[in-house]
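As a plain string of letters, each chain reads:
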Amino acid sequence: MTMTSPTKVPELGLPARSADRLPKRPSRFKPGAGKQLQGGPFAYIALAVVGIGSLLPLYWTLVAASHTQDEVLASTPPFMPGGRLLHNLDAAWNQAHLGKAIVNSVIVSSCITAATLFFCTLAGYAFAKMRFRGRGGLMAGVIATLTIPPQLSVVPLFMMMSDIGWGGNLESVIFPTLVSAFGVFFMRQYLSEALPYELIEAAKIDGANNFRIVRSVVLPVARPAMMVLGMLTFVQAWNDFFWPYLALNQENPTLQVALGQLSASYTPDQSIVMAGALISTLPLLVVFVIFGKQIVGGIMSGAVKG
């Protein structure tokens, strides 16, 4: 007497009776997952308040730069722009010689930003993905430098720049800030999560050396973080006043040092000072308008962990 085997279900390879009794696995996705979140009235009100609060200082700078000093310092200050904006801008431009100062600030900020992105990306990749002796101790030393106040290094740094012969030159402002500990730590944290080891191993199998890996693998992956770090570095270098004020002279200043000369007199004209501050803000707004999309994309890609 022959035994007949039960009918098989091709998809599962189980008897037909058992297949009907299989429990259904609950779905990991909730209803509505993946849909774009809709903000309520409270969210729009909060965004409007934050946006208006962020624009108020810039708006007040514009208002103060378009009036006379007496109108700005009156008991009831103006709330609308006046008609002296071009006059005050021309006075600030000529009194502080802002043309040369802007060129110097562009050179200093661009060189510092480019060098910081290059060196910090290389160092961040080495600390994140390369194995070498003393890696943890070196990284701890880099982070420890963040706790040292920059004022402590002013005197030896000034003496060093004088001995080299760079006193009063732009090199004395550029070279001490070619790399930052924050940039190294920032790029190291980003590349640790965003750059998988499989890409590096695949490039090594294809015969790529370290420089080719950095150029073809690391830089494309690190581009979003580099945009964010580049914007932060450029803004910091552009607004830096303390060290350029000590290292440079009045004949070769950066923009912030030149603006300090407007308010250095016994009775400075506040409307002209505000006009100079407005001039110093415009290049940053232009940079953010041009690279704003890439910067926001870099921030969002760093906030979403894949």
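The structure this text deals with has already been given above.
Quick notes on the rules
Along each chain, the written sequence defines residue order, and numbers are assigned to residues from 1. Only residues with pLDDT of at least 70 get local features here, since the model is predicted, and only at 80 or more are side-chain atom pairs given and counted; chain-wide, interface and lining totals rely on the full set of residues. The side-chain quantities take in all heavy atoms of the structure and omit both hydrogens and water. Buried Ala, Val, Leu, Ile, Met, Phe, Trp, Tyr and Cys residues that are joined via side-chain atoms within 4.5 Å together make up what is termed a nonpolar core. Only protein chains enter the calculation, and the probe is 1.4 Å; a residue is then buried if its accessible area is under 20% of its type maximum, exposed if over 50%, and partly exposed in between. Numbering of helices and strands runs from the N terminus, with a helix taken as a DSSP run of H or I at least four residues long and a strand as a DSSP run of E at least two residues long. Note on contacts: a residue pair is in contact if any heavy atoms of the two residues lie within 4.5 Å. Note on definitions: angles span 0 to 180 degrees between N-to-C directions of axes, and those axes are lines fitted to C-alpha atoms, for helices only across the stretch in contact. Orientation is classified from the angle alone, with under 35 degrees giving roughly parallel, over 145 giving roughly antiparallel, 65 to 115 giving roughly perpendicular, and any other angle giving oblique. In this classification, Asp, Glu, Lys and Arg are treated as charged, Ala, Val, Leu, Ile, Met, Phe, Trp, Tyr, Cys and Pro as nonpolar, and every other residue, Gly included, as polar. Two N or O atoms count as a polar contact when they lie within 3.5 Å, although within protein this holds only if one can serve as hydrogen donor and the other as acceptor, and sequence-adjacent residues are included solely when both atoms are side-chain atoms.

To continue, consider the nonpolar core. Counting residues in each nonpolar core, the largest one holds 22 residues, and the members touching the most others are Tyr125, Met187, Leu191, Leu195, Ile213 and Val218. Sorting the residues of this core by element identifies helix H5 (98-129), helix H9 (181-194), helix H10 (197-205) and helix H11 (210-239) as the ones contributing at least two each. Top contributing element to this core by residue count: H11, with nine residues. If sequence neighbours within four positions are ignored, Tyr125 has contacts with Met130, Leu191, Leu195, Ile200, Ile213, Val214 and Val218. Grouped together as the second largest cluster of nonpolar side chains are 18 residues, Ala65, Ala92, Ala101 and Ile279 included.

The next thing to look at is the packing of H5 against helix H13 (residues 255-262). Put simply, H5 and H13 touch, their axes get as near as 8 Å, and they point 150 degrees apart. In terms of orientation, H5 and H13 fall into the roughly antiparallel class. When H5 is examined against H13, the residues Leu98, Ala101, Ile102 and Ser105 are found in contact with a partner set consisting of Leu255, Ala258 and Leu259. Across the contact of H5 with H13, the residue classes tally to six nonpolar, one polar and no charged.

On to the environment of Thr121. For Thr121, the position within the fold is in helix H5. Thr121 sits in the buried class, given a relative accessible area of 1%. Discounting chain neighbours no more than four positions away, the residues touching Thr121 are Thr116, Met187, Leu191, Val218, Leu219, Ala222 and Met226.

Counted residue by residue, H13 has six buried out of eight residues, so it is predominantly covered. Among the residues of H13, Leu255, Gln256, Val257, Ala258, Leu259 and Leu262 are the ones counted as buried.

So, on to the environment of Phe241. One can find Phe241 in the loop between H11 and helix H12 (242-247). Accessibility expressed as a relative area gives 36% for Phe241, which makes it partly exposed. Remark: the alpha-carbon pair of Phe241 and Leu259, spanning 18 residues in sequence, is separated by 9.7 Å.

Okay, the side chain of Ser66 next. Along the polypeptide, Ser66 turns up in the loop between helix H2 (41-65) and helix H3 (69-72). Since its relative accessible area comes to 2%, Ser66 is described here as buried. A polar side-chain atom of Ser66 sits 2.9 Å from the main-chain carbonyl oxygen of Val63. The residues contacting Ser66, other than those within four sequence positions of it, are Pro81, Gly82, Gly83, Arg84, Leu85 and Asn88.

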